[in-house]
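The lines below spell out each chain.
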Amino acid sequence: MKLSSVLLSVLASLVIVPDSSIAWEPAKPIEFVVPAGTGGGADQMARLIAGLADKHKLTPRPLIVVNKSGAAGAEGFLDVKNKKGDAHTIIITLSNLFTTPLHNNLPFNWRDYTPLARMALDEFVLWVNADSPYKTAKEYLAAVKDKQCKERQGGQCLMGGTGSAQEDQILTIQLEQALAGVKFTYVPFKGGGEVCVNLVGKHVDSTVNNPAECASHWRAGRVRPLAVFDTARLTVGEWKNIPTIKEALGADVSYLMLRGIFGAPNMPKDAVDWYVAFLKKVTETPEWKKYMEEGALRPAFAAGAEYVTWVEENERLHKELMGKGGLLKK
Amino acid sequence: MGIENLLLGFHVAITPYNLFIAVVGITLGTVIGVLPGLGGANGVAILLPLTFTMPPTSAIILLTSLYWGALFGGAITSVLFNIPGEPWSVATTFDGYPLARQGQGGQALTAAFTSSFVGALFSIVLITFFAPLLAEVALKFGPPEFFAIQLLTFSSFVGLGGGNPVKSLVAILLGFILAAVGLDVVTGQLRMTFGFLDLMKGFDFIVAVIGLFGIGEILLSVEEGLSFRSIPTGMNLRVVLDTWKVLPRYRRTFVRGAFIGFWMGFKPGGATPASFMSYAFAKRFSKHPERFGKGELEGVVAPETAAHAAGVAAILPMITLGIPGSPTAAVMLGGLIIWGLQPGPLLFQEKPEFVWGLIASMYTGNFIGVLMVLAFVPLFAAILRIPFAILTPVIVVVCAVGSYAVHSSMIDIWYMLIFGVVGYAFKKLDYPLAPLVLALVLGDLAENALRQSLIMSQGTPGIFVTRPIAGAITAVAIFFFVLPALTPWWRRFHGSAPAPRAT
Amino acid sequence: MRLADLVTASFLALLGGLVVFDAVRLGTGWGTDGPQSGFLPFWLGALLIAACVTIFFQAARRADGTPFVTRQQLGPVLKVLAPAVAFVALIHWLGLYVSAALYTGFYMRWIGRHAWLTVLAVAVLFPLVTFLVFEKWFLVPMPKGPLEAWLGH
């Protein structure tokens, strides 16, 4: 995968494709790789896209979702990397596109793939148990600083998160670095749903779950959101009332997770055009809009140069954050 | 709570359309259950797009029926070919397959299906009356409690097998080592991959089991010539009625299995360990433990009751907490969200017709399911009449398909063959396979839970004793570890075998 | 059996050595937050070596003359194993379905001496049904070769 092909795909996606021209169409079922397990956020989105494609007849051949979750997603990424020039393989990515190769020095990088489209950005929220005495992020972080989590060994507060050296831990470290004297003990779990349940069960003191992962527990009054890790407040429903981390703490900590789609390396230009148009149509369906709203995801469709610039910037950010947190491969 | 809600539910579940949906789901599910490597999660995921145009209640009935079908179907290949169609059917092979070899495949299948139904029914009744309460109990389980449960499963199983204890130890160690290959969730480091990218995803349990049990067994059974040594069973439904006559004898095993299954199942990760634990307890409390592994009907009843009870119970945390108790439930959970429902504690109040329709459909679905699979028992048993030269390549191909389907990876088919040869050699050299498989299943889960617990406690092992639930379970586990040493001592003082309660 | 036991034990001990080697790289200590990545593998590997050494000496002391497999046993075992290996190797080139057809057909004719018509029927129908079930019905893609590509899959 060379710069030329990146440029090519950038150029490809700059060209606006009218719906009527059928330059390329999938000739066989499209393999849609999910580098994560069944039931997680990426898997749900992939299956929703496949389902909507079918329901609204957006593609002549079906999308077949294949989970390859081994080694924090590396299995899926490496598999797609080997399918050079394949126009019928695409992959949905989350932050492990950056974190897995950086942490374990594995031979893949987003530049290996053909960027298709950014579908959405996932937000992160700081949650505590609703029975805890902390009403604001300020109170909670003061408690963390003074080691006031009484049920724990040495009063050390526990932060639950998904996996190790992935987005949740990066965010935890960012928070620690922004606020002097704050130190969490980070407890890694396998999936986001599990993390929130461990918070409800009081096995950890706080989490940085995505909104969707904790939404139902919040509505049931079991957990309390303290702050959102974004520069602006969320715009939908009850989520509007959660202050940003800057409002709550004065600290500038933000993190958004990519929910984007890439194609196999060196995907032909015609195919790229087709996928970009197809994915755009998916984001225009009412089901997709409802899904965005319910999960408090930020709709952020982008393709072509805009997407590539964003991914480049994000890779740099991950390198910097993980370097600061000591999570890069030694 | 209770009866009137349930009646409302039945009102929804018994419409002809929903009954029809249930039959379709069960048929598909049974096929999925039979094919190794293709799990309920696959089936549910594939049907999910179809459900977008259905009312949510019919949609969930379709998906859960498929799930019940897969739970029933897993036993079929276990009994007939020693190939577990699903992870929780591994323990069913221990006695189911020997029974089939003795020409009692029909009996074994009948026992398996009936036990599944009994286990399911037990769980459904508990869910009907105690769902919200049980959800609260499930919340009390954090990493230390999970580790204690893994420990208990393991302790109930070790010390059961005879043979060379050193070889049993080797089998256990190998299982744990294989489980540790790949990415370490807790630190995010790669272990034992030696730079090979193919080793990175680790060894999948299903692939190992297809190889060790399925392929290994074919190799072993052809030693005396190119044919299967099994005797085909009779072709009529009498066998079902005859088996039902002897099943009440195992009522204790039913109750124990159902209890273990439910208790393990309503928290994530339960059905497979539950089936092993139930098998282990059945053998421990049996008057004829020496018959186990050689074709004892009770050895089929125990794991199947527990597996199906656990499978049903796994639905509970999905609707009450919004966390999936199994991969299949995880995909269904995704479905719930797409249908516009918020899984979680409020679902009972906000969408009673959905929740109670689902619960009522658990009764109808399992009832239809057991009738359907029982009706086909003679047909399943007749598969063994297919000539060897046709059946062998077909089994090998199906095993290859199953191994590939797990990760869509060619290397897994090679692993399957290697595991097959290993299974053959180990069996001949008296290395037991069951502990290896159990260690492979539990290794990953147990190590994660252990290390999460230790992170929580800043490295103090006391966390397993000071938390009440974890402490109690750990104590029982330790009791079972030392039981083999205690038994002779106990006998000497009391002149009889110990009879502790199943709980 | 004695020789097979000795060989297996030595092989597994070597495997244990590999595990210990990798565990040392990962760190086998007990950090402030519990065991490091290599802690469990280290002890598993070490115990495996110890157990294999025990088995090795147990077996060495025992005079067991029975062979691991006799010539009569090996024949049928290889007749199952060798075609299976060939089948899996073929998948790399021909895809699963064509390989399955060739394998099933070959096996039925070679071992079962079934009539050509039966052979043909099973060898074509079985992969076809598998294809329909997995590719069409359950949408689980299997490895495919030139024939499927030619047919547009």
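What counts as what
Residues numbered from 1 in each chain as written. Chains lettered and ligands numbered in written order. Predicted model: local features only at pLDDT ≥ 70, side-chain atom pairs only at ≥ 80, totals over all residues. Heavy atoms only, no water. Helix = DSSP H or I, 4+ residues; strand = E, 2+ residues; numbered from the N terminus. Buried < 20%, exposed > 50% of the residue type's maximum accessible area, 1.4 Å probe, protein only. Contact = heavy atoms within 4.5 Å. Areas by Shrake-Rupley, 256 points an atom, 1.4 Å probe, with all protein chains shown as cover. Lys, Arg positive; Asp, Glu negative; His and termini not counted. Charge placed at Lys NZ, Arg CZ, Asp CG, Glu CD. Rg over C-alpha atoms; globule rule 2.2 N^0.38 Å. Polar contact = N/O pair within 3.5 Å; in protein donor to acceptor, adjacent residues only side chain to side chain. Patch = residues over 30% accessible without salt bridge, like charges linked within 9 Å, V, L, I, M, F, W, Y side chains within 5 Å. Salt bridge = Lys/Arg side-chain N within 4 Å of Asp/Glu carboxyl O. Buried area = accessible area lost by both parts, 1.4 Å probe. Pairing = 2+ DSSP bridges. Nonpolar A, V, L, I, M, F, W, Y, C, P; charged D, E, K, R; others polar. Axes fitted to C-alpha atoms, helices over the stretch in contact; angles between N-to-C directions. Parallel < 35°, antiparallel > 145°, perpendicular 65-115°, else oblique. Left-handed = near helix turned anticlockwise from the far one by under 90°. 1 Å grid on protein atoms, 1.4 Å probe; cavity = no way out; pocket = protein on both sides within 12 Å on 5 of 7 lines; lining within 4 Å. Points joined across faces, edges and corners; volume = space filled by probe spheres on them.

Peer 1: Mind showing me how you'd approach the overall build of chain C here?
Peer 2: Each helix and strand in chain C was counted, giving 5 helices and 2 strands. For the C-alpha atoms alone, the extent of chain C along its principal axes is close to 60 × 50 × 20 Å. Across the 153 residues that make up chain C, the buried fraction comes to 44%. Looking at chain C alone, contacts between residues at least 24 apart form 54% of all its contacts between residues at least 6 apart. Entry remark: accessible area of chain C is about 8,100 Å², with carbon and sulfur atoms responsible for 75%. Taking the 10 positively charged and 6 negatively charged side chains of chain C as two groups, their mean positions are separated by 15 Å.

Peer 1: Even after reading the chapter, I still don't get the overall build of chain B, so can you show me in this structure?
Peer 2: Along its length, chain B carries 23 helices and 2 strands. Here chain B has a C-alpha radius of gyration of 22 Å; the compact-globule value for 503 residues is 23 Å, and the two agree. Taken along the three principal axes of its C-alpha coordinates, chain B extends 60 × 60 × 60 Å. Scored against the burial criterion, the 503 residues of chain B give a buried share of 68%. Contacts spanning at least 24 positions in sequence make up 78% of the contacts within chain B whose residues lie at least 6 apart. For chain B, the accessible area works out to roughly 16,400 Å², and carbon and sulfur atoms hold 69% of it. Chain B carries 27 positive and 22 negative side-chain charges, and their two centres are separated by 11 Å.

Peer 1: Help me understand the environment of C:Thr54, please; the structure alone is not making it clear to me.
Peer 2: Residue and element names in this part refer to chain C. With respect to the helices and strands, threonine 54 occurs in helix H2 (residues 39-61). For the pair threonine 54 and alanine 9, spaced 45 residues apart in the sequence, the C-alpha separation amounts to 8.8 Å. Within polar-contact distance, the side chain of threonine 54 engages the backbone oxygen of alanine 50 at 2.8 Å.

Peer 1: Please explain a nonpolar patch on the surface as it appears in this structure.
Peer 2: All names here are of chain B. Taken together, the side chains of Ile3, Leu7, Leu121, Val125, Phe129, Phe130 and Leu133 make up a nonpolar region of the molecular surface, amounting to roughly 650 Å² of accessible area. Of all elements in the fold, only helix H1 (3-13) and helix H6 (105-139) reach the threshold of two or more residues within the nonpolar patch. Along the chain, valine 125 falls in helix H6.

Peer 1: Please clarify how the interface of chain C and chain B should be interpreted in this entry.
Peer 2: Interfaces are often sized by the accessible area lost when the parts come together. Taken together, the 67 residues of chain C in the interface contact 61 residues of chain B. Between chain C and chain B, roughly 5,600 Å² of surface is buried when both sides are summed, and carbon and sulfur atoms account for 81% of that area. Inspection of the region where chain C meets chain B yields 1 salt bridge. Between C:Asp5 and B:Lys167 there is a salt bridge, with its nearest N and O atoms 3.0 Å apart. Taken together, the connections running from chain C to chain B amount to 7 residue pairs in polar contact (both at pLDDT 80 or more). Contributing elements (two or more residues each) for the side of chain C that touches chain B: helix H1 (2-26), strand E2 (34-35), H2, helix H3 (71-112) and helix H4 (116-137) of chain C. The element contributing the most residues to the side of chain C that touches chain B is H3(C), with 22 residues.

Peer 1: Where do I start with the pairing of strand E1 (residues 30-34) of chain A in this structure?
Peer 2: Moving residue by residue along a regular strand, the side chains alternate between the two faces of the sheet. All names here are of chain A. Across the 5 residues that make up E1, a large majority, 5, are buried. Burial along E1 is two-sided: the face carrying Ile30, Phe32 and Val34 and the face carrying Glu31 and Val33 are both buried. Summarising the sheet, E1 and strand E2 (residues 63-67) pair through 5 bridges and their orientation is parallel. Opposite isoleucine 30, over in E2, you have leucine 63 as the bridge partner. Looking at chain direction, E1 and strand E3 (residues 89-93) are connected through 3 bridges and run parallel.

Peer 1: Explain the interface of chain A and chain B here, please?
Peer 2: Each partner contributes to the interface: chain A provides 49 residues, whereas chain B provides 48 residues. Around 3,900 Å² of area is buried between chain A and chain B when both sides are counted, 62% of it from carbon and sulfur atoms. Taken together, the connections running from chain A to chain B amount to 1 salt bridge. Across the salt bridge formed by B:Glu136 and A:Arg222, the nearest N and O atoms sit 2.9 Å from each other. One can count 6 residue pairs in polar contact (both at pLDDT 80 or more) joining chain A with chain B. Residue assignment for the side of chain A that touches chain B shows that the elements contributing at least two residues are helix H2 (41-55), helix H3 (74-81), helix H4 (96-104), strand E7 (185-189), helix H7 (192-200), helix H8 (211-219) and helix H11 (286-294) of chain A. Here the residues of the side of chain A that touches chain B are counted per class, giving 19 nonpolar, 18 polar and 12 charged.

Peer 1: In this structure, what is going on with the packing of helix H8 (residues 165-180) of chain B against H2(C)? I would like to understand it.
Peer 2: Angle between the axes and distance between the axes are the two parameters that describe a pair of packed helices. Contact geometry of H8(B) with H2(C) gives a least axis separation of 9 Å together with a crossing angle of 150 degrees. Considering their axes alone, H8(B) and H2(C) lie roughly antiparallel with respect to each other. Crossing hand, H8(B) versus H2(C): left-handed. Packed against H8(B), whose contacting residues are B:Val166, B:Lys167, B:Leu169, B:Val170, B:Leu173, B:Leu174, B:Phe176 and B:Ile177, the element H2(C) presents C:Leu44, C:Gly45, C:Leu47, C:Leu48, C:Ala51, C:Cys52, C:Thr54, C:Ile55 and C:Gln58 at the interface. Residues belonging to the contact of H8(B) with H2(C) are distributed by class as follows: 13 nonpolar, 3 polar and 1 charged.

Peer 1: What exactly am I supposed to notice about empty space enclosed by the protein here?
Peer 2: Rolled over the atoms, a probe as big as a water molecule pinpoints where empty space is left. One pass over the structure, following the stated rule, counts 4 cavities of 30 Å³ or more. The computed volume of the second largest cavity comes to approximately 50 Å³. Every residue lining the second largest cavity is listed: B:Phe176, B:Ala179, B:Ala180, B:Gly443, B:Asp444, B:Glu447, C:Leu40 and C:Leu44. Contributions of two or more residues to the lining of the second largest cavity are made by H8 and helix H21 (434-456) of chain B together with H2 of chain C. Of the residues in the lining of the second largest cavity, the class split is 5 nonpolar, 1 polar and 2 charged.

Peer 1: Looking at this structure, I do not really get the side chain of B:Thr57. What am I missing?
Peer 2: Residue and element names in this part refer to chain B. Counting through the fold element by element, threonine 57 comes out in helix H4 (residues 56-81). In this structure threonine 57 comes out as buried when scored by relative accessible area, which is 12%. Excluding residues that lie within four positions of it along the chain, threonine 57 makes contacts with Val12, Glu353, Phe354 and Gly357.

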